[in-house]
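Reading the structure
Single-letter residue listing:
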Amino acid sequence: MSRGGGKGLSLKDKLDGNELDLSLCDLNEVPVRELAALPKATVLDLSCNNLISLPSDFCSLMHLVKLDLSKNRLQQLPLDFGRLVNLQHLDLLNNRLVTLPVSFAQLKNLKWLDLKDNPLDPVLAKVAGDCLDEKQCKQAAVKVLQHMKAIQSEQDRQRQRKLQAEREMEKKREAEQRAKEAQEREVRKREKAEEKERRRREYDAQKAAKQEMEKKTKKETVQTRKPASSSRPPQPPRHKPSWSRSVLRVLLFVLFCILCTVAACKLTELQRQPLCVSVNTLYEDVVAALQNHKTLQNMLQHNSQQ
């Protein structure tokens, strides 16, 4: 391995038990792949190099227990730095760190921490305090973990509030959508009812017009039939029976009887009887009188025609 991070010298040559010293190697990057091949190297010293950042796969070195990154130019740690859950000792002295990743709160086994000589955020710097002796470094680890856990909890709460707000907004949008759909259904229902009512009125109007037409046609048919019935030949007016007709009938009956008697007296052997003689004489007198009475003759003629 060269100073630039290239290969040339095997890391196994630098391994002493479980300690791997890569300090003062003028490294610009960390040989993560070679380090991953040495799970026995639980103590790693990368101090006094030119490291500006750590690669994201550096957090896969979960076997690390002690890590020295002091006197580099680190400006930030990987976001998933908390994956190094077995880390107990961390030296970040004299770097360019301002903040720590929130995942730092997951380093539950961390017992020693040095953050001196970093341009830390004032709040974080106050929490970390000094690391001038073993006790202060241990207190720094405890306090920084508590601080980062508080930040993580606050971020979790903010995330939960954001999710809750998004859910409420989604519910609101769904409620508005349902209200809109319900309103559209109500409008369609009202339009359908209006259309049904319009068709019903049209049907009633057509039915009424049809009935009126049938009524008019029937009336015209009746009016057409009446002249046909009036074209029949007029029947002679019926005269109500009157007393004159009754008297006339009686007279005719009497006359008929007289004629029968006269005929019997003239045409039969009874003409020699005294009664028939008188009847024949009376008949001759009546005939003579009728011949001289034209008015009575006309009346008799008229009645006979009837």
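Everything numeric in this text was worked out from a predicted model, so none of it was measured.

What follows is about the confidence of the model for the protein chain. Averaged over the protein chain, the pLDDT score is 85; the fraction of residues at 70 or greater is 84%. Per-residue pLDDT stays below 50 along residues 1–8; that stretch engages in 23 contacts with residues further than four places along the chain or on separate chains.

This part covers the state of the cysteines. Taken as a whole, this structure holds 1 disulfide when the rule is applied. One disulfide bridge connects Cys131 with Cys137, the sulfur atoms lying 1.4 Å from each other. Here the S-S torsion is close to 100°, and the disulfide linking Cys131 with Cys137 is therefore right-handed. Given the relative accessible area of 2%, Cys137 is considered buried.

Overall, mixed pairing links the 6 strands, which are arranged S1-S2-S3-S4-S5-S6 in an open sheet. Two strands in the sheet have a free side with no partner beyond their single neighbour: strand S1 (15–16) and strand S6 (112–114).

Once that is clear, we can look at the pattern of salt bridges. Counting across every chain of the model gives 12 salt bridges. Bridged by salt links that share partners, the residues Glu195, Arg198, Arg199 and Glu202 form one connected network.

Next up on the list: unusual backbone geometry. A negative phi holds for most residues other than glycine; trans holds for most peptide bonds. Positive phi values are uncommon outside glycine, yet Leu24 reaches one of about 55°. One can find Leu24 in the loop between strand S2 (19–21) and helix H1 (32–36). Judged by its relative accessible area of 60%, Leu24 is exposed. Located in the positive-phi region is Asp117, a residue other than glycine, with phi close to 60°. Among the structural elements, Asp117 can be located in the loop between S6 and helix H2 (122–128).

As for its placement among the helices and strands, Asn49 is situated in the loop between strand S3 (43–45) and strand S4 (66–68). Polar side-chain contacts of Asn49 include one of 3.0 Å to the backbone nitrogen of Cys25. Here the side chain of Asn49 touches Asp26 through a polar contact of 2.8 Å, landing on its backbone nitrogen. Every residue in contact with Asn49, bar those within four places of it in the chain, is listed here: Leu22, Ser23, Leu24, Cys25, Asp26, Leu27, Lys71 and Asn72.

Conventions and cut-offs
- Residues numbered from 1 in each chain as written.
- Predicted model: local features only at pLDDT ≥ 70, side-chain atom pairs only at ≥ 80, totals over all residues.
- Heavy atoms only, no water.
- pLDDT = per-residue confidence, 0-100.
- Contact = heavy atoms within 4.5 Å.
- Disulfide = S-S within 2.5 Å.
- Buried < 20%, exposed > 50% of the residue type's maximum accessible area, 1.4 Å probe, protein only.
- Pairing = 2+ DSSP bridges.
- Helix = DSSP H or I, 4+ residues; strand = E, 2+ residues; numbered from the N terminus.
- Salt bridge = Lys/Arg side-chain N within 4 Å of Asp/Glu carboxyl O.
- Polar contact = N/O pair within 3.5 Å; in protein donor to acceptor, adjacent residues only side chain to side chain.

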